[in-house]
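Below, each chain spelled out in residue letters.
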Amino acid sequence: MRKTIIAAALVALSSTAMAQSSNFDYNVDRFADIQVLRYQVPGFDELSLNQKKLVYYLTEAALQGRDILFDQNGKYNLYVRKVLEEIYTRYQGDRNSQDFKGLELYLKQVWFGNGIYHHYGMDKFVPQFSINFFVDEYNKLPLTALPINSCDRCTEEGKCDKAARLRKTLEKVIFDPTFMPKKVNQADGEDLILTSATNLYEGVTQKEVEDFYNAMKNPNDTTPISYGLNCKVVKENGKVVEKPYKVGGLYSQAIVNIVYWLQKAVKVAETSAQRDYINKLIEFYETGSLLTFDEYSIMWAEDTKSQVDFINGFIESYGDPLGMTGSWESIVNFRNNAASHRTSLISGNAQWFEDHSPVDPRFRKEKVTGVSAKVITAAILAGDSYPSTPIGINLPNSNWIRAAHGSKSVTLENITDAYDEVANGSGLNEEFAYSQTEIDLMKKYLTLADKLHTDLHECLGHASGQLLPGVDPDALKAYGATLEEGRADLFALYYLADPKLVELGIFDSPDAYKSEYYKYIMNGLLTQLYRIEPGKNIEESHMRNRKFISEWCLQKGKKDKVIELVKRKGKTYVKINNYEKLRGLFAELLAEVQRIKSEGDFEAGRKLVETYGVKVDPKLHKEVLARYNSLDIAPYKGFVNPVYKPVYDASGNITDIKVTYGENYVDQMLRYSRDYSPLTK
Ligand code: ZN
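The rules behind the values
Residues numbered from 1 in each chain as written. Predicted model: local features only at pLDDT ≥ 70, side-chain atom pairs only at ≥ 80, totals over all residues. Heavy atoms only, no water. Phe/Tyr/Trp six-rings, centres within 6.5 Å; stacked < 30°, edge-to-face > 60°. Helix = DSSP H or I, 4+ residues; strand = E, 2+ residues; numbered from the N terminus. Buried < 20%, exposed > 50% of the residue type's maximum accessible area, 1.4 Å probe, protein only. Contact = heavy atoms within 4.5 Å. Donors = N, O, S within 2.8 Å, 3.2 Å for Na, K, Ca; no water. Salt bridge = Lys/Arg side-chain N within 4 Å of Asp/Glu carboxyl O. Lys, Arg positive; Asp, Glu negative; His and termini not counted. Polar contact = N/O pair within 3.5 Å; in protein donor to acceptor, adjacent residues only side chain to side chain.

## Some remarks on the packing of aromatic side chains
Counted under the stated rule, the structure contains 45 aromatic pairs. A ring pair is formed by Phe432 and Tyr628, whose centres lie 5.5 Å apart and whose planes are at 40°; its orientation type is tilted. Of the two residues, Phe432 sits in helix α15 (residues 428–432) while Tyr628 sits in helix α23 (residues 618–629), which places them 196 residues apart along the sequence. In this structure Phe432 comes out as buried when scored by relative accessible area, which is 0%.

## So, helix α22 (residues 602–612)
Two residues of an α-helix separated by three or four positions point the same way, owing to the 3.6 residues in each turn. Of the residues making up α22, those classed as buried are Gly605, Leu608, Val609, Glu610 and Tyr612. Elements that come into contact with the buried residues of α22 comprise α17 (480–496), α20 (541–556) and α21 (579–599).

## Here we look at the coordination of the zinc ion
At this site the zinc ion is bound by His457 (NE2), His462 (NE2) and Glu485 (OE), with donor distances of 2.0 to 2.1 Å. Written as a sequence motif, the donor residues of the zinc ion are H-x4-H-x22-E. Of this pair, His462 sits in the loop between α16 (436–461) and α17 while Glu485 sits in helix α17; the two residues are 23 residues apart in sequence, bridging distant segments of the chain. Residue Glu485 is classed as buried on the basis of its relative accessible area, which comes to 0%.

## Focus on the pattern of salt bridges
Here the structure, examined in full by the defined rule, presents 53 salt bridges. Ionic pairing is found between Lys408 and Asp309, a salt bridge with its closest N-O pair at 2.7 Å. Remark: Asp309 occurs in strand β7 (residues 308–316) and Lys408 occurs in strand β11 (residues 407–412); sequence separation between them is 99 residues. Note that Glu623 is salt-bridged to Lys567, the shortest N-O span being 3.5 Å. Of the two residues, Glu623 is situated in helix α23 and Lys567 in strand β12 (residues 563–568); the sequence distance between them amounts to 56 residues. A relative accessible area of 12% means that Glu623 is categorised as buried. Looking at Lys567, the relative accessible area reads 54%, which means it is exposed. Each member of the salt-bridge network shares a partner with another, and the members are Asp360, Arg362, Glu592, Arg595, Glu599 and Asp601.

## As for the side chain of Asp320
Within the fold, Asp320 resides in the loop between β7 and β8 (327–335). Look at Asp320: it is buried, it has no salt bridge, and the nearest opposite charge is Lys217 at 10 Å. A polar side-chain atom of Asp320 sits 2.8 Å from a polar atom in the side chain of Tyr201. A polar contact is formed between the side chain of Asp320 and the backbone nitrogen of Met324, at a distance of 2.9 Å. Setting aside residues up to four positions removed in sequence, Asp320 forms contacts with Val184, Leu200, Tyr201 and Thr325.

Take it as geometry only, folks, not as evidence of what the structure does.
Laid out in structure tokens, this is it:
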């Protein structure tokens, strides 16, 4: 539950010196609602040979998990990807025909979504090519190109029963909008498992799964494992059982490959602590034991010395309607030592922030443990962090580990810088901001204020507060992720305006925070709606959290006119009349959200989110979409990775690792499918 996704394409123009080359071409591809970018890895060449090898081995381990995520996101995803890629690469006809273009678009979307559902909206992609075209091209494929095992009846002419059955299935999967329509459904009151297509459960109802885990949980356990984190839950002979992802279990071949590269990484680890936790991670992958995973998480959180670091595993549970199973992901990175000064100032004062927070003292942490924060340079993005990627991460997720052993909070600065560069000149602020005053405010301060918001959100927000004894950490169920993100945002918003930040020398002006306040409310109430299709409500947790915070402040501040929605020539603008009072509203809401979390008050949490965070005013929505369309900005962005190539000497030793950036989107995806597909036949 701990990642920050960029709020919108709304990042101010940066005047700060970029550590990156300025004539770098960031734009890679543009399709549907997506813009694909590339990022630089400044500082890689300055790493030692040993560190470069470590990064390289870890990037290989990262890429080996791609198929796992595809399969977790939907049971037919790997089949769809494989078949469409075969058609795409073998196609002999007119590659400019409408059908072929439609297939290409759909395939690009499937790659981006790691499956047939939108990575953010969760809805199934709508194909822009005909079913007849699909059937014709499918039938032309040789049997060896299909993801099926040959059977006795197979002939060279392709009259295989299995091939025909697979085709029928894929027709339904791709072309029938009513068949498994949604990846993760969070609609209040429905069976969230039966109505979600995600492949984390099969043949079980929500109630059966909840009963299954409730029977397993001991309310007096102060160090509970992360139940269900690495399992699919199915029914076998009428009984609900877990199927763990591990060597010899589900996804075995992919996990074996991940372990192979981790074993190489062990040999070049920077510190003994790092060597030990990589070995522990290997043990986890081999046993599937969540106790081992907790041991690993503790060792990982406590190693703050190594410069090279990584995430690799089943981490975030946004892809699970019940918020339990982790989607596979990996990010390899190294610390940006110069930029880490900012975050170390914040984490160094963590206790001060905790002690002065506006929440009930009973819900505060008496002693904030080891919140370490750093600015990092991402070297590879994989699994659930690719191509769409977070800009900030705080792990581990386990509440008791965070309390007892601390957590690591990171800001991905080279990713943020890439966003900044492309937002330059998009015209968004000019279209949506109330007046030149707000535009100037954002121009002047927003780059830093945005980074700081991420730092505070990750490093202090998520790490703050505590549950009352005996409160189930999963008590808020489907609303847990939204409320947790809201809590971290509110903590960050509240402190952005604190004189402490000027005192620490982080902000040089007492007005700097206003840029983020303005952007946050404008985004929450207006601009983020461009990511929602007409007629739809808000589903995604981060969007819900931004909406409920902004809407709540608008409503509660009405009598004091703290925030107004002003109409001018048929266009709606956010006008903030009193920034100090807005800070007061953030404080009040933070106290309430913290209470909800600390007490596990499901009903209050549900009401808050459903009242303020879900529904969209259709008229306003239409207006925002129209204004956006005039700007031609892609609502979502993602990245291709750089390519790492080892250089060998005559006796086969690695003497260097070279990084290049030239690969385009389609080539990278096809290469990954070719070279990193342990689960695809
Ligand atoms: Zn977060």
